Amino acid sequence: MEAIQDIFEFTTQERTAITIGTFDGVHIGHRKILERLINNAKSTGTKSLVLTFFPHPRMVLQKDANIKLLNTLEEKQYILKQSGLDYLIIHPFTQKFSRLTALEFVRDVLVNQLKAKNVVIGYDHRFGRNRNANIKDLIGFGEIYDFDVEEIPVQEIEDVSVSSTKIRKALEEGDIETANSYLGYAYLLTGTIVRGKGIGRQIGYPTANVHIAETYKLIPQNGVYIIKSTINNKTVYGMMNIGFNPTVDGNEKSIEVHFFDVEGDLYGQKIQLHLLKKIRNEQKFDSLEALTSQLKEDQETSLMYLKNAAHI
């Protein structure tokens, strides 16, 4: 898959099969649409292309700074790359872009720039300035500009909506296993390892503090989770705490991971965490000794889970 950061940097002489959307989460509902797109491309001898946007249109048009997304751009590219897609275009969404009329969007973007031969789209898709054009308009444009429109069935579109809602709710409640079942993969957190206060090392449970730069990324409910990661090309496991470290009077939210069987300096490394299961809520202990005892129990719980979950 080739990822391009701007519509107008994309050049091809080949015709394309295109779908358009935010694809936040790239979950099992989205996967149906992608399969439909890729099959369409194969059957028509075209290249499959997803057109998506960043920032999220709501961030620009509604100034919705509180919107939380399931994927960072990097994560979305990582997941989509595994789908068999030919091209991913992540176009900067701006006020100016939003003012393109339906005709300008179809003629200048879909046809002239992206060489659309087939457009795979949902029955409820709206586009153009003020979102005033619909799928019937798109079909009409297709007759003028020589491209076909394949309508995604109502049920598949509703599956996408339901999946997104259920995923967000599950993550906010700490129900990682339900979220993962809708995603079709383990929920990702991607960040850089930075220095913490070193308290974990003092009590025999050194942690890697993970800083996530993207403030729009949805962080699951506070608590302790079992995680999987890759360090130096090796699959590793650990337990992660999301929260405020109330036992040591922490006042800033942090993400800290204690890896099992990992040694060495990890500072500055970019890391991807796959969340497997939540094992308990964050809690305040009366002493560091009590915290240490609980961490030992958490580790035993985690290792037992991993031993019995051979498919992970």
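I will try to describe carefully the structure that is included in this document. (Residues numbered from 1 in each chain as written. Predicted model: local features only at pLDDT ≥ 70, side-chain atom pairs only at ≥ 80, totals over all residues. Heavy atoms only, no water.)

Details of the layout of surface pockets
One number sums up the size of the largest pocket: a volume of about 1,400 Å³. Forming the boundary of the largest pocket are 43 residues, of which G21, T22, P57, H125 and R131 lie nearest the centre. Within the residue set of the lining of the largest pocket, elements represented by two or more residues are β2 (16–20), α1 (28–44), α2 (57–61), α4 (95–98), β5 (116–122) and α7 (154–172). If you tally residues by element for the lining of the largest pocket, the top one is α7, at seven residues. For the lining of the largest pocket, a count of residues per class yields 19 nonpolar, 14 polar and 10 charged. In this structure, the second largest pocket spans a volume of roughly 1,100 Å³. If you list the elements that add at least two residues to the lining of the second largest pocket, you get α9 (199–202), β8 (208–211), β10 (234–243), β11 (254–259) and α10 (288–308). Top element by residues in the lining of the second largest pocket is β11. It accounts for five residues. (1 Å grid on protein atoms, 1.4 Å probe; cavity = no way out; pocket = protein on both sides within 12 Å on 5 of 7 lines; lining within 4 Å. Points joined across faces, edges and corners; volume = space filled by probe spheres on them. Helix = DSSP H or I, 4+ residues; strand = E, 2+ residues; numbered from the N terminus. Nonpolar A, V, L, I, M, F, W, Y, C, P; charged D, E, K, R; others polar.)

A short note on the sheet that holds β10
Around the barrel, which closes on itself, the six strands sit in the order β7-β8-β11-β10-β9-β12 with antiparallel pairing between neighbours. The sheet shows a mean angle of 45 degrees between the axes of neighbouring strands, taken without regard to direction. (Pairing = 2+ DSSP bridges. Axes fitted to C-alpha atoms, helices over the stretch in contact; angles between N-to-C directions.)

A few points about unusual backbone geometry
Of the consecutive residues F54 and P55, the connecting peptide bond is found in the cis state with omega at 0 degrees. Along the polypeptide, P55 turns up in the loop between β3 (47–54) and α2. Positive phi outside glycine occurs at R131, with the angle close to 55 degrees. With respect to the secondary-structure elements, R131 resides in the loop between β5 and α6 (135–145).

A closer look at the pattern of salt bridges
In the structure shown here, the tally under the stated rule is 12 salt bridges. Note that R107 is salt-bridged to D108, the shortest N-O span being 2.8 Å. Judged by its relative accessible area of 29%, R107 is partly exposed. A salt bridge links K277 to E177, with the nearest nitrogen and oxygen atoms 3.3 Å apart. One end of the pair, K277, is in strand β12 (residues 270–280); the other, E177, is in helix α8 (residues 176–183), and 100 residues separate them in sequence. Exposure remark for K277: the relative accessible area of 25% places this residue in the partly exposed category. With a relative accessible area of 41%, E177 lands in the partly exposed category. (Salt bridge = Lys/Arg side-chain N within 4 Å of Asp/Glu carboxyl O. Buried < 20%, exposed > 50% of the residue type's maximum accessible area, 1.4 Å probe, protein only.)

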